[in-house]
Amino acid sequence: MASGQSRQAAAIVDNDDYQHHQPLSPNSLAYTSSALSVSILCMFESEVPFDDDTSTYLHLGDLCLNSHPRFSSVIINDRSGTARWKKITVNLEDHVKVPRFPGGMSPDEYSNYFQEYLSKICNAPFREGIPMWEIHICNYPTRDAAGSIVIRLHHALGDGFTLMGALMSFVKRADDPSLPLTFPSSSKQRYDKKTVFSRLSESAQRFWDTASDVVWSAVESRRGADDGSAIRSGNVEIVSVPICSTRLVLPLDQVHEVKSKIDATINDVVLGMIFYGIHLYNHKMNQTSSRKRMTALVTVNTRKFGGYQPVKDMLEANSSANSSTTIDILIPSCDDVEKVDPLIFILEAQKAIKRKRNSMMTVIKLSLFQMLCKIKGAEVVGQQYYHIVNNSSMIISNLIGPKEKMKVSKYLLKNFYFFLTGCPIGIVANVMSYCGHLTLVVTIEKDFIAPEMLINYINEAFERIYAKVMG
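Residues numbered from 1 in each chain as written. Predicted model: local features only at pLDDT ≥ 70, side-chain atom pairs only at ≥ 80, totals over all residues. Heavy atoms only, no water.

Engineer: Is there a simple way to think about helix H2 (residues 54–65) in this case?
Structural biologist: One full turn of an α-helix is made of 3.6 residues, so residues set three or four places apart face in the same direction. Between its first and last C-alpha, H2 extends 16 Å over 12 residues, near the 16 Å set by a 1.5 Å rise per residue. When we look at burial in H2, the residues that qualify are Thr56, Tyr57, Leu60, Gly61, Cys64 and Leu65. In this structure, the buried residues of H2 make contact with strand E5 (96–97), strand E6 (133–138), strand E7 (147–154), strand E13 (406–408) and strand E14 (411–421). (Helix = DSSP H or I, 4+ residues; strand = E, 2+ residues; numbered from the N terminus. Expected span 1.5 Å × (residues − 1). Buried < 20%, exposed > 50% of the residue type's maximum accessible area, 1.4 Å probe, protein only. Contact = heavy atoms within 4.5 Å.)

The following block contains the structure:
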């Protein structure tokens, strides 16, 4: 079992004071259990070097601090034992980290140093008694940037949707800072007028999808863990295993072309591309079999509103700061790698996502999760979530980024993406769009999965899909 980030403070506040402190959401409570220690790392790659002085680094830290109320809050317990957020005074020097590497090296050498540094901070415990975030400023040229900012956040502070919304206030639009950032739509828009019959038909389909999901969940709970495969070692202590990451950058307009040609969403195309890439990788590793069971946990946002909202609006509802959940999808596979139609992987992903989103099972599972957290406590829920993730083969999370180029203070950003660490699973795929391109970061179990080979096969998968659609 993982040794997670424990609750930061055992302080107890008076009964007449705790009303001013917001309670933790069930998801945040689970992430504070000893079973889990999941972090979100947000990467900002600069086109130019940062000014190398303490005031610049502290200024960047201050921008981060002011982007979210949780960044100046610690966890306390009231007299009834309820965990709550309490605002404190923050010393920026506790959170701003500036690594120092040897001088006079090439971008390739600095890239290696930077990767080693990232691997060290990924699963390092947060310091107790202070808010659970850090900003690391690497002022060395790498293969990808003149300088890099890494903001590391404990997942208890919020889900990726909330925290990315907060970090949108950390940056400004480069062409005109007075204008808001704009975001592409990831969904198909439907404006058809619905008849009484169509509404009844939709309700009947939702009932059927929900019933099917209930049966599916019951069957899956009896099956236990996924089969061992080229992407799943089955190591139950996987959080203690070293990890590494690699990434792929694709032109967003090509992804849009595929989406439009086959009447899908960006998310459908991304999932299909990843699934097909895994299929090709498994074949290369001589582990392709249609009988192998591989499950992907796909993160979904359960809020009623779409798009990034102001942080204060997200926090008005007590549970909305951490309101994501996952849906499980079987990763398609077949025995013949050459004869399979590449579009099958997108269409299968599209069908599964549509059915799962139409089902009420996600809402039911979230409600049961919240109830269990209240009855059994965060430790039990955290352990259960650990086993659900550890029994699966991979996690996929996809977030939408701005269409315009951004800057942090006066520094133009070349790229912007995120990835998760500390998940008890062998492969985590995180996708982020920004300024006309799509970045996929794959974090994998080191020395078991070949990172460059896997990312190359995912790239090949997209090329085959694109050629099929455009040909």
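Engineer: Could you clarify how one ought to interpret the environment of asparagine 358 in this entry?
Structural biologist: Mapped onto the elements, asparagine 358 comes out in helix H9 (residues 343–358). Through-space distance from the C-alpha of asparagine 358 to that of arginine 206 is 5.6 Å; in sequence the pair is 152 residues apart. Apart from the residues within four sequence positions on either side, asparagine 358 is in contact with Gln205, Arg206 and Asp209.

Engineer: Could you clarify how one ought to interpret unusual backbone geometry in this entry?
Structural biologist: Residues apart from glycine generally show negative phi values, whereas peptide bonds are mostly found in trans. In this structure, serine 409 is a non-glycine residue whose phi angle is positive, near 55 degrees. With respect to the helices and strands, serine 409 occurs in the loop between E13 and E14. Backbone geometry places aspartate 447, a non-glycine residue, at a positive phi of 70 degrees. Within the secondary structure layout, aspartate 447 lies in the loop between strand E16 (437–445) and helix H12 (451–470).

Engineer: Looking at this structure, how should I read the sheet that holds strand E15 (residues 427–434)?
Structural biologist: Within a sheet, neighbouring strands are paired by backbone hydrogen bonds and run either parallel or antiparallel to one another. The 6 strands lie next to each other as E9-E16-E15-E12-E10-E11, forming an open sheet whose pairing is mixed. The strands lining the two open edges of the sheet, one partner per strand, are strand E9 (243–251) and strand E11 (324–330). Each neighbouring strand pair of the sheet contributes to a mean axis angle of 20 degrees, computed without reference to strand direction. Judged from the 5 bridges that link them, strand E12 (residues 394–399) and E15 form a sheet pairing that is parallel. Residue pairing for E15: asparagine 398 is matched across the bridge by valine 431. (Pairing = 2+ DSSP bridges. Axes fitted to C-alpha atoms, helices over the stretch in contact; angles between N-to-C directions.)

Engineer: Sorry if this is basic, but what is going on with the pairing of strand E2 (residues 39–46) here?
Structural biologist: Consecutive side chains along a regular strand alternate between the two faces of the sheet. In terms of burial, E2 is a largely internal element, 8 of the 8 residues being buried. Covered by surrounding structure in E2 are Ser39, Leu41, Met43 and Glu45 together with Ile40, Cys42, Phe44 and Ser46, the residues of both alternating faces. As defined by bridge partners, E2 adjoins E7 across 8 bridges and the pair is classed as antiparallel. Across the sheet, residue leucine 41 finds its bridge partner in E7, namely arginine 152.

Engineer: Can you help me understand the environment of leucine 92 in this one?
Structural biologist: Here leucine 92 is to be found in the loop between strand E4 (83–87) and E5. For the pair formed by leucine 92 and leucine 58, sequence separation is 34 residues and the distance between their alpha carbons is 6.7 Å.

Engineer: Would you take a moment to explain H12 for this structure?
Structural biologist: If you check H12, its first and last C-alpha atoms are 29 Å apart, about what 20 residues at 1.5 Å a residue would give, namely 28 Å. Three or more residues of H12 are buried, namely Leu454, Ile455, Tyr457, Ile458, Ala461, Phe462, Ile465 and Val469. Mapping the buried residues of H12 onto a view down its axis gives an arc of 160 degrees, with all of them on the same face. Elements that come into contact with the buried residues of H12 comprise E9, helix H6 (252–261), helix H7 (266–284), H9, E15 and E16. (Arc of directions from axis to C-beta.)

Engineer: Explain the sheet that holds E14 here, please?
Structural biologist: Pairing is mixed across the open sheet formed by 7 strands, whose spatial order is E5-E6-E7-E2-E14-E13-E8. Each having just a single partner strand, E5 and strand E8 (172–173) make up the two edges of the open sheet. Relative to E7, E6 runs antiparallel, the two being bridged by 6 bridges. By the bridge assignment, glutamate 134 is partnered in E7 with arginine 152.

Engineer: Please explain the packing of H7 against H12 as it appears in this structure.
Structural biologist: Think of two packed helices as two axes; the pair is described by the angle between the axes and how far apart they sit. Taken N-terminus to C-terminus, the directions of H7 and H12 make an angle of 125 degrees; their axes are 7 Å apart at the nearest point. Relative to H12, the element H7 is oriented oblique. For the pair H7 and H12, the sense of crossing is right-handed. Each of Gly272, Met273, Ile274, Tyr276, Gly277, Ile278, Leu280, Tyr281 and Lys284 in H7 lies in contact with H12, whose residues at this interface are Met453, Leu454, Tyr457, Ile458, Glu460, Ala461, Phe462, Arg464 and Ile465. Class assignment for the residues of the contact of H7 with H12 results in 13 nonpolar, 2 polar and 3 charged. (Parallel < 35°, antiparallel > 145°, perpendicular 65-115°, else oblique. Left-handed = near helix turned anticlockwise from the far one by under 90°. Nonpolar A, V, L, I, M, F, W, Y, C, P; charged D, E, K, R; others polar.)

Engineer: What is the right way to read the packing of helix H10 (residues 361–376) against helix H11 (residues 378–390) from this model?
Structural biologist: As a packed pair, H10 and H11 sit with axes 7 Å apart at the nearest point and diverge in direction by 135 degrees. If you check the angle between H10 and H11, you find them oblique. Residues Phe369, Leu372, Cys373 and Lys376 of H10 pack against Ala378, Val380, Val381 and Gln384 of H11. Broken down by class, the residue content of the contact of H10 with H11 amounts to 6 nonpolar, 1 polar and 1 charged.

Engineer: Can you walk me through the environment of methionine 432 in this structure?
Structural biologist: For methionine 432, the position within the fold is in strand E15. Residue classification places methionine 432 among the buried positions, given a relative accessible area of 1%. Along the chain, methionine 432 and glycine 401 lie 31 residues apart, while their C-alpha atoms are 6.1 Å from each other.

Engineer: I tried to follow the side chain of aspartate 78 on my own but got confused; where do I start?
Structural biologist: Structurally, aspartate 78 can be placed in strand E3 (residues 73–78). Polar side-chain contacts of aspartate 78 include one of 2.9 Å to the side chain of arginine 84. (Polar contact = N/O pair within 3.5 Å; in protein donor to acceptor, adjacent residues only side chain to side chain.)

Engineer: Teacher, can you tell me more about the nonpolar core here?
Structural biologist: The biggest cluster of nonpolar side chains holds 78 residues, and the ones touching the most others in it are Phe44, Trp133, Ile135, Ile151, Leu153 and Phe170. Examining the composition of this core, we find that 7 residues originate from one element, E14, more than from any other. Leucine 153 has contacts with Val38, Ser39, Ile40, Cys42, Phe71, Phe126, Met132, Trp133, Leu163 and Leu167, leaving out every residue within four places of it along the chain. Listed in part, the 54 residues of the second largest apolar core include Ile262, Ile327, Val337 and Val469. (Core = buried A, V, L, I, M, F, W, Y, C linked by side-chain atoms within 4.5 Å.)

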